[in-house]
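# Structural description and commentary
Here is how the chains run, residue by residue.
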Amino acid sequence: MGRGERVRKTSTPTPVSSACFVNNLSASASDVDEVSMSAIKELFSQTNARLTAGLQKLETDLGESINLCHSKIDEFMELLKAQKCLIEQQGKVIEEQHSQIVKLNKRVSELEVRTENQEQYSRANSLEIYGVPETKNEDPVRIVVEICRKLGVQINETAIDACHRLGKQTNRTSAGIIVKFVRRLDKESILTKKRVFRNLSTSQIGMKVDYPIFINQSLSPNRRILFAKAKELNRELKWKFLWVDKAGRIKMRKHEKASVQVISTPSDLDNLKKFIVNKESLKRQSDLSISGRGEDSTLVRDDSTPVNSVTPH
(Lines give C-alpha, C1' and ligand atoms only; values in the text may rest on other atoms or scores of the structure.)
Protein backbone atom coordinates (compact mmCIF):
# COMPACT_ATOMS: atom_id res chain seq x y z
CA MET A 1 0.00 0.00 0.00
CA GLY A 2 1.33 3.33 -0.89
CA ARG A 3 1.95 6.36 1.31
CA GLY A 4 -0.99 8.23 -0.12
CA GLU A 5 -3.42 5.61 0.89
CA ARG A 6 -2.11 5.49 4.47
CA VAL A 7 -2.49 9.20 4.81
CA ARG A 8 -6.05 9.14 3.66
CA LYS A 9 -6.88 6.39 6.17
CA THR A 10 -5.43 8.19 9.10
CA SER A 11 -7.13 11.58 8.24
CA THR A 12 -10.69 10.19 8.09
CA PRO A 13 -12.71 11.39 11.25
CA THR A 14 -13.92 8.97 13.76
CA PRO A 15 -17.71 8.69 13.68
CA VAL A 16 -19.66 9.80 16.93
CA SER A 17 -22.48 7.61 18.10
CA SER A 18 -26.07 9.11 18.21
CA ALA A 19 -26.65 7.93 21.74
CA CYS A 20 -23.81 10.04 23.00
CA PHE A 21 -25.14 13.12 21.22
CA VAL A 22 -28.62 12.76 22.68
CA ASN A 23 -27.19 12.41 26.15
CA ASN A 24 -25.17 15.59 25.75
CA LEU A 25 -28.24 17.47 24.42
CA SER A 26 -30.39 16.30 27.31
CA ALA A 27 -27.77 17.41 29.77
CA SER A 28 -27.73 20.91 28.22
CA ALA A 29 -31.54 21.17 28.32
CA SER A 30 -31.60 20.07 31.92
CA ASP A 31 -29.11 22.78 32.83
CA VAL A 32 -31.24 25.40 31.03
CA ASP A 33 -34.41 24.25 32.84
CA GLU A 34 -32.72 24.50 36.20
CA VAL A 35 -31.52 28.02 35.43
CA SER A 36 -34.95 29.12 34.17
CA MET A 37 -36.80 27.72 37.17
CA SER A 38 -34.36 29.40 39.49
CA ALA A 39 -34.87 32.73 37.72
CA ILE A 40 -38.66 32.35 37.75
CA LYS A 41 -38.61 31.50 41.43
CA GLU A 42 -36.44 34.51 42.11
CA LEU A 43 -38.73 36.75 40.06
CA PHE A 44 -41.82 35.36 41.77
CA SER A 45 -40.22 35.86 45.14
CA GLN A 46 -39.34 39.46 44.35
CA THR A 47 -42.82 40.15 42.94
CA ASN A 48 -44.43 38.56 45.94
CA ALA A 49 -42.27 40.64 48.24
CA ARG A 50 -43.16 43.84 46.38
CA LEU A 51 -46.86 42.95 46.40
CA THR A 52 -46.71 42.14 50.07
CA ALA A 53 -44.96 45.43 50.80
CA GLY A 54 -47.46 47.33 48.61
CA LEU A 55 -50.42 45.67 50.28
CA GLN A 56 -48.98 46.38 53.69
CA LYS A 57 -48.45 50.03 52.74
CA LEU A 58 -51.94 50.22 51.23
CA GLU A 59 -53.39 48.68 54.36
CA THR A 60 -51.47 51.11 56.51
CA ASP A 61 -52.50 54.12 54.40
CA LEU A 62 -56.12 52.94 54.26
CA GLY A 63 -56.17 52.43 58.01
CA GLU A 64 -54.77 55.91 58.57
CA SER A 65 -57.34 57.36 56.15
CA ILE A 66 -60.17 55.54 57.91
CA ASN A 67 -58.93 56.71 61.29
CA LEU A 68 -58.70 60.26 59.95
CA CYS A 69 -62.26 59.99 58.57
CA HIS A 70 -63.48 58.74 61.93
CA SER A 71 -61.75 61.62 63.62
CA LYS A 72 -63.27 64.12 61.19
CA ILE A 73 -66.72 62.53 61.62
CA ASP A 74 -66.36 62.79 65.40
CA GLU A 75 -65.35 66.44 65.08
CA PHE A 76 -68.28 67.06 62.70
CA MET A 77 -70.71 65.37 65.07
CA GLU A 78 -69.44 67.46 67.96
CA LEU A 79 -69.84 70.56 65.79
CA LEU A 80 -73.38 69.52 64.88
CA LYS A 81 -74.23 69.00 68.54
CA ALA A 82 -72.82 72.43 69.38
CA GLN A 83 -74.75 74.03 66.51
CA LYS A 84 -77.95 72.22 67.50
CA CYS A 85 -77.55 73.47 71.06
CA LEU A 86 -76.89 76.99 69.76
CA ILE A 87 -79.93 76.83 67.47
CA GLU A 88 -82.11 75.70 70.35
CA GLN A 89 -80.83 78.55 72.50
CA GLN A 90 -81.39 81.03 69.67
CA GLY A 91 -84.87 79.58 69.12
CA LYS A 92 -85.69 80.23 72.77
CA VAL A 93 -84.32 83.75 72.50
CA ILE A 94 -86.39 84.34 69.34
CA GLU A 95 -89.52 83.06 71.06
CA GLU A 96 -88.89 85.31 74.03
CA GLN A 97 -88.23 88.29 71.77
CA HIS A 98 -91.34 87.50 69.71
CA SER A 99 -93.38 87.37 72.90
CA GLN A 100 -91.90 90.67 74.00
CA ILE A 101 -92.60 92.20 70.58
CA VAL A 102 -96.23 91.06 70.76
CA LYS A 103 -96.55 92.56 74.23
CA LEU A 104 -94.84 95.78 73.14
CA ASN A 105 -97.05 96.05 70.05
CA LYS A 106 -100.10 95.56 72.24
CA ARG A 107 -98.78 98.16 74.66
CA VAL A 108 -98.05 100.59 71.82
CA SER A 109 -101.56 100.07 70.46
CA GLU A 110 -103.04 100.72 73.88
CA LEU A 111 -100.95 103.87 74.28
CA GLU A 112 -101.93 105.04 70.79
CA VAL A 113 -105.60 104.54 71.62
CA ARG A 114 -105.14 106.34 74.95
CA THR A 115 -103.30 109.22 73.29
CA GLU A 116 -105.92 109.42 70.57
CA ASN A 117 -108.70 109.46 73.16
CA GLN A 118 -106.94 112.19 75.09
CA GLU A 119 -106.52 114.26 71.95
CA GLN A 120 -110.15 113.74 71.06
CA TYR A 121 -111.16 114.61 74.63
CA SER A 122 -109.30 117.90 74.28
CA ARG A 123 -111.76 118.68 71.45
CA ALA A 124 -114.80 117.88 73.58
CA ASN A 125 -115.87 121.56 73.63
CA SER A 126 -115.09 122.17 69.95
CA LEU A 127 -117.15 122.23 66.75
CA GLU A 128 -116.21 122.58 63.09
CA ILE A 129 -118.37 124.68 60.78
CA TYR A 130 -118.21 124.29 56.98
CA GLY A 131 -119.89 126.05 54.08
CA VAL A 132 -119.34 129.67 55.16
CA PRO A 133 -117.37 131.54 52.45
CA GLU A 134 -114.28 133.39 53.58
CA THR A 135 -114.39 137.18 53.21
CA LYS A 136 -111.82 139.88 53.64
CA ASN A 137 -111.44 141.24 57.19
CA GLU A 138 -114.03 138.80 58.49
CA ASP A 139 -114.58 138.07 62.19
CA PRO A 140 -114.98 134.29 62.73
CA VAL A 141 -116.30 134.88 66.28
CA ARG A 142 -119.10 137.13 65.01
CA ILE A 143 -119.99 134.52 62.37
CA VAL A 144 -120.26 131.79 65.02
CA VAL A 145 -122.37 134.01 67.32
CA GLU A 146 -124.72 134.77 64.42
CA ILE A 147 -125.04 131.07 63.53
CA CYS A 148 -125.81 130.22 67.17
CA ARG A 149 -128.42 132.99 67.34
CA LYS A 150 -130.09 131.64 64.20
CA LEU A 151 -130.21 128.17 65.79
CA GLY A 152 -131.83 129.59 68.90
CA VAL A 153 -128.78 129.31 71.17
CA GLN A 154 -128.06 132.59 72.90
CA ILE A 155 -124.31 133.03 73.46
CA ASN A 156 -121.91 135.94 73.34
CA GLU A 157 -118.23 136.30 72.62
CA THR A 158 -117.28 135.48 76.20
CA ALA A 159 -118.67 131.96 75.74
CA ILE A 160 -116.07 131.28 73.03
CA ASP A 161 -112.58 130.24 74.12
CA ALA A 162 -110.98 130.16 70.65
CA CYS A 163 -112.18 130.53 67.06
CA HIS A 164 -110.36 130.64 63.73
CA ARG A 165 -110.30 129.35 60.19
CA LEU A 166 -108.86 125.91 59.40
CA GLY A 167 -106.54 125.13 56.54
CA LYS A 168 -108.37 124.94 53.23
CA GLN A 169 -109.16 121.41 52.06
CA THR A 170 -109.07 120.34 48.43
CA ASN A 171 -112.62 118.93 48.52
CA ARG A 172 -114.18 122.12 49.91
CA THR A 173 -114.73 125.53 48.32
CA SER A 174 -113.76 127.37 51.51
CA ALA A 175 -111.85 126.68 54.70
CA GLY A 176 -113.84 125.58 57.71
CA ILE A 177 -114.11 127.35 61.04
CA ILE A 178 -113.17 125.63 64.29
CA VAL A 179 -114.63 127.02 67.50
CA LYS A 180 -113.91 125.98 71.08
CA PHE A 181 -116.55 126.92 73.65
CA VAL A 182 -115.91 127.59 77.30
CA ARG A 183 -118.71 125.24 78.29
CA ARG A 184 -119.44 121.86 76.76
CA LEU A 185 -123.15 122.43 77.29
CA ASP A 186 -123.10 125.23 74.73
CA LYS A 187 -121.54 122.94 72.14
CA GLU A 188 -124.05 120.18 72.81
CA SER A 189 -126.93 122.64 72.64
CA ILE A 190 -125.79 123.80 69.20
CA LEU A 191 -125.55 120.20 67.93
CA THR A 192 -129.02 119.43 69.28
CA LYS A 193 -130.51 122.52 67.62
CA LYS A 194 -128.75 121.75 64.35
CA ARG A 195 -130.43 118.33 64.18
CA VAL A 196 -133.78 120.13 64.32
CA PHE A 197 -132.82 123.09 62.13
CA ARG A 198 -131.51 121.10 59.15
CA ASN A 199 -131.71 123.71 56.38
CA LEU A 200 -129.36 126.31 57.82
CA SER A 201 -127.64 128.35 55.07
CA THR A 202 -125.37 131.36 54.69
CA SER A 203 -128.20 133.59 53.47
CA GLN A 204 -129.88 133.18 56.87
CA ILE A 205 -126.90 134.75 58.64
CA GLY A 206 -126.85 137.87 56.45
CA MET A 207 -124.66 136.75 53.52
CA LYS A 208 -125.55 137.45 49.89
CA VAL A 209 -124.71 133.92 48.77
CA ASP A 210 -126.82 130.92 49.74
CA TYR A 211 -124.70 127.91 50.70
CA PRO A 212 -125.68 125.16 53.15
CA ILE A 213 -123.91 125.31 56.52
CA PHE A 214 -122.64 122.08 58.11
CA ILE A 215 -121.80 121.78 61.82
CA ASN A 216 -119.83 118.74 62.95
CA GLN A 217 -117.99 117.36 65.92
CA SER A 218 -114.33 118.37 65.88
CA LEU A 219 -112.33 115.21 65.22
CA SER A 220 -108.61 114.66 65.62
CA PRO A 221 -106.69 113.97 62.36
CA ASN A 222 -106.48 110.23 63.06
CA ARG A 223 -110.13 110.06 64.12
CA ARG A 224 -111.12 111.91 60.93
CA ILE A 225 -109.22 109.35 58.80
CA LEU A 226 -110.83 106.51 60.75
CA PHE A 227 -114.27 108.06 60.20
CA ALA A 228 -113.63 108.19 56.43
CA LYS A 229 -112.70 104.49 56.43
CA ALA A 230 -115.77 103.70 58.52
CA LYS A 231 -117.89 105.57 55.98
CA GLU A 232 -116.46 103.40 53.18
CA LEU A 233 -117.16 100.20 55.11
CA ASN A 234 -120.65 101.41 56.03
CA ARG A 235 -121.33 101.99 52.34
CA GLU A 236 -119.86 98.61 51.41
CA LEU A 237 -121.91 96.72 54.00
CA LYS A 238 -124.99 98.81 53.15
CA TRP A 239 -125.61 99.60 56.80
CA LYS A 240 -128.07 102.33 57.71
CA PHE A 241 -126.37 104.35 60.45
CA LEU A 242 -122.92 105.87 60.96
CA TRP A 243 -122.35 108.75 63.39
CA VAL A 244 -120.05 110.37 65.96
CA ASP A 245 -121.47 110.65 69.48
CA LYS A 246 -120.99 113.55 71.90
CA ALA A 247 -117.74 112.03 73.20
CA GLY A 248 -116.29 111.85 69.70
CA ARG A 249 -116.66 108.06 69.38
CA ILE A 250 -117.43 106.60 65.96
CA LYS A 251 -120.41 104.27 65.91
CA MET A 252 -122.10 102.09 63.29
CA ARG A 253 -125.38 100.21 63.24
CA LYS A 254 -126.99 98.07 60.56
CA HIS A 255 -130.57 99.07 61.41
CA GLU A 256 -132.63 100.46 64.30
CA LYS A 257 -132.78 97.20 66.27
CA ALA A 258 -129.22 96.04 65.60
CA SER A 259 -126.29 96.29 68.02
CA VAL A 260 -124.18 99.43 67.88
CA GLN A 261 -120.55 98.88 66.87
CA VAL A 262 -117.97 101.24 68.41
CA ILE A 263 -115.02 101.90 66.09
CA SER A 264 -111.86 102.95 67.95
CA THR A 265 -109.06 101.65 65.70
CA PRO A 266 -108.63 100.47 62.09
CA SER A 267 -108.43 96.90 63.41
CA ASP A 268 -112.01 97.30 64.67
CA LEU A 269 -113.10 97.90 61.09
CA ASP A 270 -111.13 94.88 59.86
CA ASN A 271 -112.60 92.64 62.58
CA LEU A 272 -116.10 93.89 61.86
CA LYS A 273 -115.73 93.21 58.15
CA LYS A 274 -114.35 89.71 58.77
CA PHE A 275 -117.17 88.99 61.19
CA ILE A 276 -119.84 90.08 58.72
CA VAL A 277 -118.25 88.12 55.84
CA ASN A 278 -117.96 84.96 57.95
CA LYS A 279 -121.49 85.35 59.24
CA GLU A 280 -122.87 85.73 55.71
CA SER A 281 -120.86 82.71 54.56
CA LEU A 282 -122.26 80.59 57.41
CA LYS A 283 -125.76 81.80 56.61
CA ARG A 284 -125.39 80.80 52.94
CA GLN A 285 -124.13 77.35 53.96
CA SER A 286 -127.02 77.00 56.40
CA ASP A 287 -129.53 78.02 53.72
CA LEU A 288 -128.09 75.49 51.30
CA SER A 289 -128.20 72.81 53.96
CA ILE A 290 -131.79 73.67 54.87
CA SER A 291 -132.90 73.66 51.24
CA GLY A 292 -131.32 70.23 50.85
CA ARG A 293 -133.14 68.78 53.89
CA GLY A 294 -136.57 70.09 52.91
CA GLU A 295 -139.22 72.33 54.40
CA ASP A 296 -139.40 70.52 57.76
CA SER A 297 -135.87 71.60 58.71
CA THR A 298 -135.41 73.56 61.92
CA LEU A 299 -133.88 77.03 61.56
CA VAL A 300 -130.93 77.94 63.79
CA ARG A 301 -130.51 81.63 64.59
CA ASP A 302 -127.07 83.19 64.94
CA ASP A 303 -127.28 85.72 67.77
CA SER A 304 -123.53 86.30 68.02
CA THR A 305 -122.30 89.88 67.83
CA PRO A 306 -118.84 91.26 67.00
CA VAL A 307 -116.44 92.76 69.50
CA ASN A 308 -117.02 96.35 70.71
CA SER A 309 -120.78 96.03 70.23
CA VAL A 310 -123.15 97.82 72.61
CA THR A 311 -126.89 97.59 73.04
CA PRO A 312 -128.95 99.81 70.74
CA HIS A 313 -130.00 103.20 72.09
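Higher on the page you've got the structure.
Treat the numbers as computed from the prediction; the structure is a model and nothing was measured.

### Notes on the pairing of strand S6 (residues 250–253)
Here S6 shows two buried faces, one formed by Ile250 and Met252 and the other by Lys251 and Arg253. Summarising the sheet, strand S5 (residues 241–244) and S6 pair through four bridges and their orientation is antiparallel. In the strand pairing of S6, Val244 is matched with Ile250. Here three bridges tie S6 to strand S7 (residues 260–263), and the two strands are oriented antiparallel to one another. Looking across to S7, one finds that Met252 is bridged to Gln261. Linkage of S6 to S7, two consecutive antiparallel strands, is achieved through a turn of six residues.

### Some points on the packing of aromatic side chains
Counted by the stated rule, this structure contains zero aromatic pairs. The ring centre of Phe241 lies 5.5 Å from the NZ or CZ of Arg253, which sits over that ring.

### What to know about the sheet that holds strand S3 (residues 177–181)
What links the strands of a sheet is backbone hydrogen bonding, and the strands pair in either a parallel or an antiparallel sense. One open sheet holds the four strands; their spatial order is S2-S3-S1-S4, and the pairing between them is antiparallel. Each edge of the sheet is formed by a strand with only one pairing partner; in this case those strands are strand S2 (160–165) and strand S4 (214–217). The sheet shows a mean angle of 20° between the axes of neighbouring strands, taken without regard to direction. Bridge analysis of S2 against S3 gives five bridges, and the strand direction is antiparallel. Looking at S3, one finds that Ile160 is bridged to Phe181. Relative to the sheet, helix H4 (residues 184–196) contacts strand S1 (126–130), S3 and S4, its axis offset from that of S4 by approximately 130°.

### Overview of unusual backbone geometry
The general pattern is negative phi for most residues beyond glycine and trans for most peptide bonds. Positive phi outside glycine occurs at Asn137, with the angle close to 60°. Relative to the helices and strands, Asn137 is located in the loop between S1 and helix H3 (140–151). For Lys238, which is not glycine, the phi torsion reads 60° and is therefore positive.

### Let's talk about the side chain of Glu138
Along the polypeptide, Glu138 turns up in the loop between S1 and H3. On the basis of relative accessible area, Glu138 is assigned to the buried category, the value being 18%. Here the side chain of Glu138 touches Arg165 through a polar contact of 2.6 Å, side chain to side chain. If we skip the residues at most four places from it in the chain, Glu138 touches Pro133, Ile143 and Arg165.

### Remarks on the state of the cysteines
Here the structure, examined in full by the defined rule, presents zero disulfides. Cys163 takes part in no disulfide bond, and the closest cysteine sulfur, belonging to Cys148, lies 9.4 Å away.

### Brief notes about the pattern of salt bridges
For the structure shown, the criterion picks out 12 salt bridges. Among the ionic pairs, Asp61 bridges to Lys57, the shortest N-O distance being 3.0 Å. Separated by four residues within a single helix, Asp61 and Lys57 lie in helix H2 (residues 18–121), roughly one turn from each other. By relative accessible area, which is 32% here, Asp61 ends up partly exposed. According to the relative accessible area criterion, Lys57 is exposed, its value standing at 53%. Arg183 is the partner of Asp186 in a salt bridge, and the nearest nitrogen-oxygen pair spans 3.0 Å. Arg183 gets classed as partly exposed once you look at its relative accessible area, which sits at 46%. Within this structure, Arg123, Glu128 and Arg224 form a network of salt bridges that share partners.

Rules and cut-offs
- Residues numbered from 1 in each chain as written.
- Predicted model: local features only at pLDDT ≥ 70, side-chain atom pairs only at ≥ 80, totals over all residues.
- Heavy atoms only, no water.
- Buried < 20%, exposed > 50% of the residue type's maximum accessible area, 1.4 Å probe, protein only.
- Helix = DSSP H or I, 4+ residues; strand = E, 2+ residues; numbered from the N terminus.
- Pairing = 2+ DSSP bridges.
- Phe/Tyr/Trp six-rings, centres within 6.5 Å; stacked < 30°, edge-to-face > 60°.
- Lys NZ or Arg CZ within 6 Å of the ring centre and 35° of its normal.
- Axes fitted to C-alpha atoms, helices over the stretch in contact; angles between N-to-C directions.
- Contact = heavy atoms within 4.5 Å.
- Polar contact = N/O pair within 3.5 Å; in protein donor to acceptor, adjacent residues only side chain to side chain.
- Disulfide = S-S within 2.5 Å.
- Salt bridge = Lys/Arg side-chain N within 4 Å of Asp/Glu carboxyl O.

The analysis is restricted to geometry; functional conclusions fall outside its scope.
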